[in-house]
Amino acid sequence: MTKHILVVDDHNEIPDLLGRYLGQHSYQVSLADGGEVMRKILARESIDLVVLDIMMPGEDGLSLCRYLREHDGSPVIMLTAMSEEADTIVGLEMGADDYVSKPFSPRELLARIKAVLRRTETTVTREAPVVGQW
């Protein structure tokens, strides 16, 4: 099943690049330039993971991350130019599942997306064998 990634960033070049790159790797990608569009997409689409910029005009990525934790539950990878240790810690404490600094390697981001999806996927419950039966 194709995973659906939502990229929230107010700079056109990054979402466009990620949309093409992730699409080439069999992901469905939706793009949002801020919180208002993000909420509209979340209301109508099933999203498996959100890639979220922190520094955006209006509502910033930290408050959007908090919103996602309270209302949606989709895993979040912060993708931001804020690369100080304190920024990373704040992003992770706000609920992000991972934190990637700009400039970034699309290959590394893809690997991190795969890792977060592996960790957060719902485990399919399998029927346990009855002890003593062959």
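Residues numbered from 1 in each chain as written. Predicted model: local features only at pLDDT ≥ 70, side-chain atom pairs only at ≥ 80, totals over all residues. Heavy atoms only, no water.

Structural notes on the overall build of the protein
In terms of helices and strands, the protein carries five helices and five strands. Shown N-terminal to C-terminal, the secondary structure of the protein runs as helices and strands in the order β-α-β-α-β-α-β-α-β-α. Projecting the C-alpha coordinates of the protein onto the three principal axes gives extents of approximately 60 × 30 × 30 Å. Taking all 134 residues of the protein together, the buried fraction comes to 42%. Considering only contacts in the protein between residues 6 or more positions apart, those separated by 24 or more positions represent 63%. Element-wise, carbon and sulfur atoms account for 50% of the exposed surface of the protein, whose accessible area totals about 8,100 Å². Computed over 14 positive and 22 negative side-chain charges, the inter-centroid distance for the protein is 7 Å. (Helix = DSSP H or I, 4+ residues; strand = E, 2+ residues; numbered from the N terminus. Buried < 20%, exposed > 50% of the residue type's maximum accessible area, 1.4 Å probe, protein only. Contact = heavy atoms within 4.5 Å. Areas by Shrake-Rupley, 256 points an atom, 1.4 Å probe, with all protein chains shown as cover. Lys, Arg positive; Asp, Glu negative; His and termini not counted. Charge placed at Lys NZ, Arg CZ, Asp CG, Glu CD.)

Here we look at the environment of glutamate 84
Mapped onto the fold, glutamate 84 is located in the loop between β4 (76-80) and α4 (85-93). You can call glutamate 84 exposed: its relative accessible area is 55%. Taking the C-alpha atoms as reference, glutamate 84 lies 9.1 Å from serine 101; in sequence the two are 17 residues apart.

Points about the pairing of β4
For β4, a buried count of five out of five residues is recorded, marking the element as mostly surrounded by other parts of the structure. The alternating pattern of β4 places Val76, Met78 and Thr80 and Ile77 and Leu79 on opposite faces, both of which are buried. For the segment spanning strand β3 (residues 49-52), helix α3 (residues 61-71) and β4, crossover handedness is right-handed. Bridging between β4 and strand β5 (residues 98-101) involves four bridges; their strand directions are parallel. Its bridge partner lying in β5, isoleucine 77 is registered against aspartate 98. One crossover worth recording links β4 to the parallel β5 by way of α4, and it is right-handed. (Right-handed = clockwise from strand over helix to strand, strands pointing away. Pairing = 2+ DSSP bridges.)

By themselves, these observations are geometric and do not establish any function.
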